[in-house]
Every structure is written in structure tokens, then in C-alpha cells.
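Summary of the model geometry
Now for the letters of each chain:
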Amino acid sequence: SQAVQKIVLKTGMSGGKMVFMDAKGNVNPVLKGKVGDTLEITISSGEGAEHDIVFPELGVQSKKFDGKTGATTLTFKLTQGGRFTYICSIPGHRQIG
């Protein structure tokens, strides 16, 4: 069955690193879904800086967002199984988190 996995994330600082956090405050959480599921990721900037969220192996990237723009939503269908990394593509951000 096709499910929609709704995920809410925000960016923030933890231990001096830039991180993604879920609604419970877990840092860089594992996002789970089955092949065929749609992931609906709503993400906002917790500290106001500009960010995006990118899944390089899946070729999926959100719009850039910051404290002024508010949250953005990235929706995509999982077309393959496996474990995939997600990052922020803003220069320097991946290096510090």
C-alpha cells in the first residue's frame, strides 16, 4: 500500500555542530519509508540561517529556506530501497555538522 510519511524537521545547533532535528529533538534522525511511499518533509530553520535539505543519491533537493521564509515542504516518492544520506548543500554547512 502506498503511504505518505509526514516528517517535520528543523535545523539547529547541537554540541557546536549544525544539525537537523525531528519534532522530538532527535539529532539527524533516520527517516524511514518503504519503496513506493511518498515522503513529505516539512523543514524550517530553527536558528534563522539559510539551509536546504538534499538527498544526493536520490537527486532530490528542497528549496532554500531561512528564518524569514519560514518552512518549506519537500515531497518525493521513494523509488528504491537502501540507506541514503541527507545533507544541507549550503557551502560550509556539511563540514560543521
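1. A word on the pattern of salt bridges
According to the stated counting rule, one finds 2 salt bridges in the structure shown. A salt bridge links Glu40 to Lys6; the nearest nitrogen and oxygen atoms lie 3.0 Å apart. With a gap of 34 residues between them, Glu40 in strand S3 (residues 38-45) and Lys6 in strand S1 (residues 4-14) connect regions that are remote in the sequence. Exposure remark for Glu40: the relative accessible area of 23% places this residue in the partly exposed category. Measuring nitrogen to oxygen at the nearest pair gives 3.7 Å for the salt bridge that ties Lys64 to Asp52. Of this pair, Lys64 sits in the loop between strand S5 (60-61) and strand S6 (72-77) while Asp52 sits in the loop between S3 and strand S4 (54-55), and the two are 12 residues apart along the sequence. Note on Lys64: relative accessible area 45%, which makes it partly exposed.

2. Here's the deal with the sheet that holds S1
Pairing within the open sheet is mixed, and its 4 strands lie in the order S2-S1-S3-S6. Two strands bound the open sheet, and with one partner strand each, they are strand S2 (17-22) and S6. Neighbour to neighbour, the strand axes of the sheet diverge by 25° on average, direction disregarded. Of the strand pairs in this sheet, S1 and S2 are connected by 6 bridges, and their pairing is antiparallel. Looking at S2, one finds that Gly12 is bridged to Val19.

3. Description of the pairing of S1
Direction of pairing for S1 relative to S3: parallel, over a ladder of 8 bridges. Note that in S3 the partner of Val8 across the bridge is Thr42. A loop of 2 residues connects S1 with S2, the two strands running antiparallel in sequence, and Gly15 in this loop sits at a positive phi of about 60°.

About the thresholds
Residues numbered from 1 in each chain as written. Predicted model: local features only at pLDDT ≥ 70, side-chain atom pairs only at ≥ 80, totals over all residues. Heavy atoms only, no water. Salt bridge = Lys/Arg side-chain N within 4 Å of Asp/Glu carboxyl O. Helix = DSSP H or I, 4+ residues; strand = E, 2+ residues; numbered from the N terminus. Buried < 20%, exposed > 50% of the residue type's maximum accessible area, 1.4 Å probe, protein only. Pairing = 2+ DSSP bridges. Axes fitted to C-alpha atoms, helices over the stretch in contact; angles between N-to-C directions.

Any functional reading would require information that these geometric values do not contain.
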